[in-house]
Amino acid sequence: MRILGTGSALPKRVVTNDELTQFLDTSDEWIKTRTGISTRRVITTETLEELGAQAAKNALENAGLSANDLDLIICSTVQGDQITPALGCLIQRAIGAKCPAFDLNAACPGFEYALDVAESYIASGRARNILVVSSESVSYLCNWTDRSTCVLFGDGAGAAVVGQGGDYLSSHFVCEGGDEVLRAPMPNGNSPFTQRPVSWSGLYMNGPEVYKFAVAGSIRDIRTVVEQAGITMDEVGHFVLHQANLRIIEAVRTRLKQPKEKFPHNIEHYGNTSSASVPILLDELNRAGALQKGEIVVLSAFGAGLCTGACAIRWSK
């Protein structure tokens, strides 16, 4: 496959670190020095359907295609506006597409997992043009009294339209199943038969353990896809990493011995937008003209599962 176009969409509401200090025992300096985040976008009146549909429309326009050209929609999301119908189905309706659609939940590396599924559909001849869209609202999942987690996240949507081509060079995915380090539990509802506690504490994360997993996993995955693609690190034009923490990005960069300009970031503006973070950054790079035709781009992400995923693609848009 190859990437034909990209798009993104963000909530209007900008929340600064200083605003968070009004109800959390934290500070702008504390957040910046530990995460690199200054602001994040948070859903107020928007829905994930609306954000995802706008990102999809932007990607279709960038690709020079219409919704009628799509054969499939794969939507990556941790939690849509509703449990059912799937968010992908609602986005399909919103953009006027007629193709099948489904959701995929691989947490933060969901965009990379969805790209790999799209590659399989295209390689098998079952689809020509596929929309991969990630629409996430981690603000729905956060406990906004927990200063260790809620300051990290933001909301947004990113998308890519992919079609036939030979630009998907390699991929690598890992799962170390477990919920001890990172989880976002569902409320149990009000069944009179449940014997589980009916409570909700919001997203839980063991920061130090996630940091170690993320750095080690990203380095392993990147090295694997670079080797599989038959290239060297120096031949990669850009490394587009999951925007979870600037310290993680810097740790990966320094251990791979690559220059800073190869590791773009926007976490300072948007925080961690889960699986939407890589496609949002990819869209920004695309529209800024930062990606040169023919260059190799490596995408890498990590998250709950615990899951990691990476792929190497040739940029030919």
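Refer to the preceding data block for the structure.
Parameters at a glance
- Residues numbered from 1 in each chain as written.
- Predicted model: local features only at pLDDT ≥ 70, side-chain atom pairs only at ≥ 80, totals over all residues.
- Heavy atoms only, no water.
- Helix = DSSP H or I, 4+ residues; strand = E, 2+ residues; numbered from the N terminus.
- Phe/Tyr/Trp six-rings, centres within 6.5 Å; stacked < 30°, edge-to-face > 60°.
- Buried < 20%, exposed > 50% of the residue type's maximum accessible area, 1.4 Å probe, protein only.
- Contact = heavy atoms within 4.5 Å.

A.B. asks: What is the right way to look at the environment of Pro208 in this model?
C.D. replies: Residue placement: Pro208 occurs in helix α6 (residues 207–228). Between the C-alpha atom of Pro208 and that of Thr35, which follows or precedes it by 173 residues, the distance is 13 Å.

A.B. asks: Explain unusual backbone geometry here, please?
C.D. replies: The bulk of non-glycine residues show a negative phi, and the bulk of peptide bonds are trans. Residue Pro85 follows Thr84 across a cis peptide bond; omega there is 5°. Considering the arrangement of structural elements, one finds Pro85 in the loop between β4 (72–76) and α4 (87–95). A cis amide bond, omega -10°, links Gly305 with the succeeding residue Leu306. By secondary structure assignment, the location of Leu306 is in strand β13 (residues 305–314). Although it is not a glycine, Ala107 sits at a positive phi angle of roughly 55°. Its location among the elements puts Ala107 in the loop between β5 (101–104) and α5 (110–123). Non-glycine residue Ser274 carries a positive phi angle of around 55°. Relative to the assigned elements, Ser274 resides in the loop between α8 (267–270) and α9 (277–287).

A.B. asks: What's the story with the packing of aromatic side chains in this structure? I'm lost.
C.D. replies: Any two aromatic rings considered together are summarised by their centre-to-centre distance and by the angle between their planes. The final tally for this structure, using the stated rule, is two aromatic pairs. Taking 4.7 Å as the distance between ring centres and 10° as the angle between the ring planes, the aromatic pair formed by Phe239 and Phe263 counts as stacked. Remark: Phe263 occurs in the loop between α7 (246–256) and α8 and Phe239 occurs in strand β11 (residues 236–241); sequence separation between them is 24 residues.

A.B. asks: What is the right way to look at α4 in this model?
C.D. replies: An α-helical segment advances 3.6 residues per turn. Residues three or four places apart therefore align on the same side. All buried positions along α4 are accounted for by Leu87, Gly88, Leu90, Ile91, Gln92 and Ile95. Next to the buried residues of α4 lie α3 (48–63), β4, β5 and β6 (130–137). Of the residues one or two after α4, Gly96 is the one with positive phi, at around 80°.

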